[in-house]
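Here is how the chains run, residue by residue.
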Amino acid sequence: MKDHLGRTIDYMRISITDRCNLRCRYCMPEGIDCIPMTEILTLEEYRQVAACGAALGIRRIKVTGGEPLVRLGCCDFIRMLKEIPGIEKVTITTNGILLGKYLEELLQAGIDGINISLDTLDPRLYSALTGGGELKSVLSALTDTLRACKDRQIPVKINTVSMDLKQAALQLGCSYDGPGWQEMLELARRYPVDVRFIEMMPIGYGKLYGSADHQKILKQLKDRYPDMEEDHKVHGYGPAVYYRIPGFQGSIGLISALHGKFCHSCNRVRLTSQGYLKSCLCYEDGADLKKILQSGKGREETERELLAVMRQVIGDKPGEHCFEHPERITEHENMVKIGG
Ligand code: SAM
Ligand code: SF4
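Caption draft 1: Representation of the sheet that holds strand 2 (residues 60–64) within the structure. Across the sheet, twelve strands lie side by side as 7-8-9-6-5-4-3-2-1-10-11-12; this open sheet has mixed pairing. The open sheet terminates on both sides in strands that have one partner only, identified here as strand 7 (229–231) and strand 12 (286–288). Between one strand axis and the next, the sheet turns by 25° as a mean value, whatever way the strands run. In the sheet, strand 11 (residues 276–278) pairs with strand 12 via three bridges, with the strands oriented antiparallel. When the sheet's bridge partners are listed, Leu277 is paired in strand 12 with Ala287. Here helix 5 (residues 135–152) sits on the sheet and contacts strand 4 (113–117) and strand 5 (156–162); the angle it forms with strand 5, its principal contact strand, is near 145°. Along the sheet, helix 8 (residues 214–224) makes contact with strand 5, strand 6 (194–199), strand 8 (241–244) and strand 9 (252–255), crossing strand 9 at roughly 160°.

Below you can see the structure in the form of structure tokens.
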């Protein structure tokens, strides 16, 4: 459906847990207060919301978290989403730690795309940045995933939060002599995988880090690769602007929420693990769908109420974020609760 500004809203991110097996410094460095499972929606409840979303024009769903693969039944859930009439694509974003274990099940469930979050190729810095993550297992899952997805033509992408890795290493007391964010380019050179840089957003612990300016990163890329060209091929449904570098197998994407605001083309809403439907990352605007789902009313009435409330939230979606005015941000949750 369209919101009050005429934007087509056809993409929903669903966070199915706020638990995670990593502790990324900018996301949930100290873990989370463990919410009882009763506060978290059941997979069937998320499915009900997704089905109402589909009735309102949602066509693509991203399963996220926390770490979605730590939630038991994640792959079954993906299969459930794929069966909803109107849903065309279901993709996942994962830190990759459990990807090797669940890859086959994800493929069997019909996953349409896999995003792996990875900010450095330096094992010590990776461990420091993620609170103990083992880079080796993510890289091994990445190569297995690329091999398995190649013939099936399932896109695999790397999500990298842009930051000054040298500064981060210094802050974390970790020795690092790599080149900085440029090291991630190696993945796109060596493998058929898009590497997407994401400007750090001032949400939760992200506020403690300065966001790298993608205008500067773009300039450095152009200086280093003068033959680089903008890539107009459709790579996904998000706001990334892609570039092709001759000799590279994958493209480089820039998602520049702060220095390349793309709110005019925003197409998404977010469902938190506790059933709150959010219309913009920056604000707490939205509605508590859990209350409706657990009101004890019959299926038809519940669905009618969900549809009405969801229509309203989507319709009223704020026009733009205000990250450039941090004092106006009303979202106080951490990214781990929102799902990225
Ligand atoms: N655990 C999964 C993962 O890491 O992909 C899914 C959840 S995670 C919250 C989703 C994405 O949000 C990750 O790519 C992560 O790097 C990104 N993220 C977390 N905090 C962020 C922030 N403050 N600004 C921008 N991206 C952020
Ligand atoms: Fe976990 Fe993803 Fe947050 Fe890292 S970014 S702590 S992997 S939820």
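Caption draft 2: Representation of the site of ligand 1 in the model. By nearness alone, 19 residues border ligand 1, and Tyr26, Gly66, Thr93, Ser117 and Met201 come closest of all. For ligand 1, a nitrogen atom lies 2.8 Å from a polar atom in the backbone of Met201. For ligand 1, whose unbound accessible area comes to 540 Å², protein coverage reaches 94%. Elements with a minimum of two residues in the shell around ligand 1: strand 3 (89–94) and strand 5.

Caption draft 3: A look at unusual backbone geometry. Of note, Gln153 is a non-glycine position whose phi angle comes to about 55°, a positive value. Looking at the secondary structure, you find Gln153 in the loop between helix 5 and strand 5. The class for Gln153 is exposed, based on a relative accessible area of 71%.

Caption draft 4: Region of the structure containing the pairing of strand 9. Side-chain alternation along strand 9 places Ile252 and Leu254 on one buried face and Gly253 and Ile255 on a second face that is also buried. Here four bridges tie strand 6 to strand 9, and the two strands are oriented parallel to one another. Bridge pairing in strand 9 places Arg196 opposite Gly253. Bridge count for strand 8 against strand 9 is three bridges, and the pairing is antiparallel. Across the sheet, Val241 pairs through a bridge with Leu254, a residue of strand 9.

Conventions used here
Residues numbered from 1 in each chain as written. Chains lettered and ligands numbered in written order. Predicted model: local features only at pLDDT ≥ 70, side-chain atom pairs only at ≥ 80, totals over all residues. Heavy atoms only, no water. Pairing = 2+ DSSP bridges. Helix = DSSP H or I, 4+ residues; strand = E, 2+ residues; numbered from the N terminus. Axes fitted to C-alpha atoms, helices over the stretch in contact; angles between N-to-C directions. Contact = heavy atoms within 4.5 Å. Near = heavy atom within 4 Å. Polar contact = N/O pair within 3.5 Å; in protein donor to acceptor, adjacent residues only side chain to side chain. Areas by Shrake-Rupley, 256 points an atom, 1.4 Å probe, with all protein chains shown as cover. Buried < 20%, exposed > 50% of the residue type's maximum accessible area, 1.4 Å probe, protein only.

That is the geometry; function is a separate question.
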